[in-house]
Amino acid sequence: MLWPIIILFAILSAVLLSGKGGFLIAGYNTSSAREKAKYDEKKLCRVTGTGTALITVLLLLSALERFGHSRMFPIILGVGIPVIIIGMLIAMNTICKNKSPVSVPPKPRDLKKEKRSKALILGFIAVTFLLVGITMFTGSLTITLDNSGISLHTSGWEDKEILYSDIQSIEYTDQLTPGRRVFGLGNYVLRAGDFKNDRFGKYVLYSYNRCKEYIIVETPEGTVVFNGKDSEKTKEVYQEILDRVPILAN
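All values reported here derive from a predicted model rather than from experimental measurement. (Residues numbered from 1 in each chain as written. Predicted model: local features only at pLDDT ≥ 70, side-chain atom pairs only at ≥ 80, totals over all residues. Heavy atoms only, no water.)

1. Overview of the overall build of the chain
Then comes step 1: Along the chain, the regular secondary structure elements total seven helices and nine strands.
Then comes step 2: Looking at the chain residue by residue over its 250 residues, the buried ones come to 42%.
Then comes step 3: Nonlocal contacts in the chain, meaning residues at least 24 apart in sequence, comprise 58% of its contacts between residues at least 6 apart.
Then comes step 4: Split by element, the accessible area of the chain, about 14100 Å² in all, is 60% carbon and sulfur. (Helix = DSSP H or I, 4+ residues; strand = E, 2+ residues; numbered from the N terminus. Buried < 20%, exposed > 50% of the residue type's maximum accessible area, 1.4 Å probe, protein only. Contact = heavy atoms within 4.5 Å. Areas by Shrake-Rupley, 256 points an atom, 1.4 Å probe, with all protein chains shown as cover.)

Set out below in structure tokens:
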């Protein structure tokens with residue numbers, strides 16, 4: 001879910017940094033002619049583009065396994081984005097102002113437009129924080145065992161089905177280094193997709209980050225690793241698989 005937001009912000013940044021795209025700036029695009037005359041539109045676009053580019057870099061780093069699961073990175077992200085937005089607002093209302101604005105006679109509806117513009121800016125900030133919060137700090141992994149196999153379902157990524165008949169071996173461990181993500185998703189709650197580490201090489205992982213216990217399943221298609229929300233849930237799922245396929249316990 002994070003990558004579409006990163007791509008969207010990157011495109012938005014590129015347009016704004018070119019000095020164009022004033023219609024994309026929340027609040028400014030609905031301002032009255034009187035209010036717009038106070039600003040240098042090219043500077044406004046470039047300042048806004050610089051801010052969105054910096055946010056894009058932070059989101060990109062958070063999507064990378066090396067940085068995204070660092071203990072310090074949630075703090076950096078949580079502080080960095082508000083600081084960037086505040087810096088943007090200060091710059092927009094200082095260096096982006098025209099030194100000699102063109103005088104535009106006010107119209108009765110201008111004040112309403114200006115109030116609406118301020119409300120849109122605040123709304124844009126709130127939505128930005130909400131989207132980042134939802135993307136980075138939410139997610140769930142559902143493990144379903146039925147008569148034929150195991151189903152792994154996580155929000156934002158494709159499901160994984162494992163037939164009992166395809167399981168060659170199964171192992172429970174608390175000694176596993178996930179390695180790096182090759183392709184998939186990851187935030188502060190969970191990660192899913194194709195990973196690579198020294199033990200398995202390339203393998204498939206569906207896991208909660210806080211839980212350090214894992215179930216390792218070997219199949220003809222390769223290794224699949226997953227866990228529950230905590231060690232108790234992971235052990236419960238592991239035992240249920242053994243109960244359904246007793247031969248695996250031998």
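Next comes the rest of the description.
2. Considering the pairing of strand E8 (residues 214–219)
Then comes step 1: Taking burial as the measure, the six residues of E8 include five buried ones, the bulk of the element.
Then comes step 2: Sheet topology note: the strand E4 (residues 169–173)/E8 ladder contains five bridges and is antiparallel. Across the sheet, Tyr172 pairs through a bridge with Ile215, a residue of E8.
Then comes step 3: Strand direction decides the pairing type here: E8 and strand E9 (residues 222–226), joined by five bridges, are antiparallel. Residue Ile216 lies in a different strand from E9, and its bridge partner there is Val225.
Then comes step 4: Counting the residues in the hairpin turn of E8 and E9 gives two residues. (Pairing = 2+ DSSP bridges.)

3. Here we look at the sheet that holds strand E3 (residues 160–163)
In a beta sheet, neighbouring strands pair by backbone hydrogen bonds and run either parallel or antiparallel.
Then comes step 1: If you trace the three strands from one edge of the open sheet to the other, you get E1-E2-E3, paired in antiparallel fashion. Because the sheet does not close on itself, it has two edges, and the strands there are strand E1 (141–145) and E3. Strand-to-strand twist of the sheet, defined as the mean angle between neighbouring strand axes without regard to direction, takes the value 15 degrees.
Then comes step 2: On top of the sheet, helix H7 (residues 231–244) reaches E1 and strand E2 (149–154); it is set at about 20 degrees to E1, its chief contact. (Axes fitted to C-alpha atoms, helices over the stretch in contact; angles between N-to-C directions.)

4. Focus on the packing of aromatic side chains
Then comes step 1: A complete count under the given rule lists four aromatic pairs for this structure.
Then comes step 2: Ring centres of Tyr172 and Tyr238 lie 5.5 Å apart, and the angle between their planes is 50 degrees; this geometry places the pair in the tilted category. Here Tyr172 is found in strand E4, whereas its partner Tyr238 is found in helix H7, with 66 residues between them in sequence.
Then comes step 3: For Tyr172, a relative accessible area of 24% translates into the label partly exposed.
Then comes step 4: Every member of this aromatic cluster is reached through a ring pair, and the members are Phe195, Phe200 and Tyr203. (Phe/Tyr/Trp six-rings, centres within 6.5 Å; stacked < 30°, edge-to-face > 60°.)

5. Remarks on the side chain of Ser13
Then comes step 1: Checked against the element boundaries, Ser13 lands in helix H1 (residues 2–17).
Then comes step 2: Within the structure, Ser13 has its side chain in polar contact with the side chain of Thr52 (distance 2.8 Å). (Polar contact = N/O pair within 3.5 Å; in protein donor to acceptor, adjacent residues only side chain to side chain.)

6. Overview of the environment of Ser169
Then comes step 1: With respect to the helices and strands, Ser169 occurs in strand E4.
Then comes step 2: On a C-alpha basis, the gap between Ser169 and Val217 in space is 5.9 Å, while along the polypeptide they are 48 residues apart.
Then comes step 3: Each residue touching Ser169, except ones within four places of it in the same chain, is listed here: Ile216, Val217 and Glu218.

7. Points about a negative patch on the surface
Then comes step 1: Together, Asp146, Glu158, Asp159 and Glu161 make up a region of like negative charge exposed at the surface.
Then comes step 2: In this structure, Glu161 sits in strand E3.
Then comes step 3: By relative accessible area, which is 55% here, Glu161 ends up exposed. (Patch = residues over 30% accessible without salt bridge, like charges linked within 9 Å, V, L, I, M, F, W, Y side chains within 5 Å. Salt bridge = Lys/Arg side-chain N within 4 Å of Asp/Glu carboxyl O. Lys, Arg positive; Asp, Glu negative; His and termini not counted. Charge placed at Lys NZ, Arg CZ, Asp CG, Glu CD.)

8. Some points on H7
Then comes step 1: Here H7 is 14 residues long and its end C-alpha atoms lie 20 Å apart, about the 20 Å a rise of 1.5 Å per residue gives.
Then comes step 2: Taken together, the buried positions of H7 are occupied by Thr234, Val237, Tyr238, Ile241 and Leu242. For H7, the arc enclosing every buried residue in end-on projection is 140 degrees, short of the 170-degree limit, so these residues lie on one face. Exposed and oriented more than 90 degrees from the buried face of H7 are Glu232 and Asp243.
Then comes step 3: Where H7 is buried, its residues touch E1, E2, E4, E8 and E9.
Then comes step 4: Here H7 starts with a cap whose side-chain oxygen sits 3.3 Å from the backbone nitrogen of Glu232, and that cap is Asp230. (Expected span 1.5 Å × (residues − 1). Arc of directions from axis to C-beta.)

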